[in-house]
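# Fold and contact review
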Amino acid sequence: MEYNPNKYEPLNLIGRGSFGVIRKVRRRSDGKIYARKEIDYKRMSEREKKQLVAEVNILRELRHPHIVRYYERDVDRDNCLMYIYMEYCEGGDLAEVIRRYKKRGKRFAEQTIWKYLAQLLLALHECHCPGSGKSGVRPTVLHRDLKPDNVFLDGRDDVKLGDFGLSRLMDGSEFARTYVGTPFYMSPELISESSYNEKSDVWALGCLIYELCTLDPPFQAKTQSQLAMKIQQGAVAPLPPQYSQELFYIIKAMLQVNQSRRPTTADLLEVPMIKQALGEEP
Ligand SMILES: CNC(=O)c1c(C)[nH]c(/C=C2\C(=O)Nc3ccc(Cl)cc32)c1C
């Protein structure tokens, strides 16, 4: 399909992914608003380009109410740019909301945290257990980069998992080069260099839910080696008193250092409080 520069009207920049920018765009034919990720593949190796295309093809098939929808892609060969057109989430990313709450001394309501946890579990379950939802059978997709910056809010205050698995494109070295910020959500098994798996996504989700309660990650340190030690010890400080023991219990279960004792998304979706939080879903 030939690149059509006039199909979408570029609007303002709204975000920055780990290898490209996100721009708000308007489709000229019907005025509909989308988010466009603009990937500069000038410096990518042939292998990475092939992986990127394969990755986008898998991600385009992920159809779920709590996964940011991929619509189409386009390639501007003259400028070595790949455009990925996705669902626009007017609430922005969760990292920005956490920053805002911290600045204003606000806290998330416990009910909201259960709702976000339940919705993100459904999204992760759709990725980990292909064919569990309505979409057809396909390979397991591991998110690998679950963090507040990659969770987006729509206009109804529902959360959507975004920026899928593209970090998998980088092999060890490049991922390190491309990865920005401190790996607060890195799991113990990733630190001990065993393989990343579904339980590593559950660990990252546990870190994210803990951060919604305290507005800080569960493990923090001045240096990466001190951070690694804290993660491998796995000591989780209590939540602020306004939150229930049930919430703390589920977070501690997700932050089990021993991944064989960590619950799967299927296990967690059976928890009564999670079922109750989903009960409100249409
Ligand atoms: C300040 N930026 C924002 O408020 C913001 C808004 C309104 N939307 C976004 C981001 C996305 C958005 O709206 N849709 C997306 C699909 C995939 C990815 Cl990786 C990101 C987005 C952002 C970062």
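Note: the structure precedes this text.
## Side note on the nonpolar core
The biggest cluster of nonpolar side chains holds 68 residues, and the ones touching the most others in it are F108 and L247. With sequence-adjacent residues up to four places away left out, F108 is seen in contact with V97, I98, Y101, I113, Y116, L212, L215, Q242 and Y243. In terms of nonpolar packing, the next biggest core, distinct from the first, is built from six residues, V25, Y34, L81 and Y85 among them.

## Description of the pairing of strand β3 (residues 33-40)
Across the eight residues of β3, six count as buried, placing the element largely inside the fold. With seven bridges joining them, strand β2 (residues 20-27) and β3 adopt antiparallel strand pairing. By the bridge assignment, G20 is partnered in β3 with I39. Where β2 folds back onto β3 in an antiparallel hairpin, the turn is made up of five residues, including G31, whose phi is positive at roughly 75°. Note that β3 and strand β5 (residues 81-87) share seven bridges and pair antiparallel.

## With respect to the site of the ligand
I14, A35, V68, E87 and C89 are the nearest of the 13 residues found near the ligand. A distance of 2.7 Å separates a nitrogen atom of the ligand from a polar backbone atom of I14. Residue E87 places a main-chain N or O atom 2.8 Å away from a nitrogen atom belonging to the ligand. The protein chains hide 82% of the 520 Å² of surface that the ligand would expose on its own. When residues of the shell around the ligand are traced back to their parent elements, those giving at least two are β5 and β6 (92-93). Of the residues that constitute the shell around the ligand, the class distribution is eight nonpolar, one polar and four charged.

About the cut-offs
Residues numbered from 1 in each chain as written. Predicted model: local features only at pLDDT ≥ 70, side-chain atom pairs only at ≥ 80, totals over all residues. Heavy atoms only, no water. Core = buried A, V, L, I, M, F, W, Y, C linked by side-chain atoms within 4.5 Å. Buried < 20%, exposed > 50% of the residue type's maximum accessible area, 1.4 Å probe, protein only. Contact = heavy atoms within 4.5 Å. Helix = DSSP H or I, 4+ residues; strand = E, 2+ residues; numbered from the N terminus. Pairing = 2+ DSSP bridges. Near = heavy atom within 4 Å. Polar contact = N/O pair within 3.5 Å; in protein donor to acceptor, adjacent residues only side chain to side chain. Areas by Shrake-Rupley, 256 points an atom, 1.4 Å probe, with all protein chains shown as cover. Nonpolar A, V, L, I, M, F, W, Y, C, P; charged D, E, K, R; others polar.

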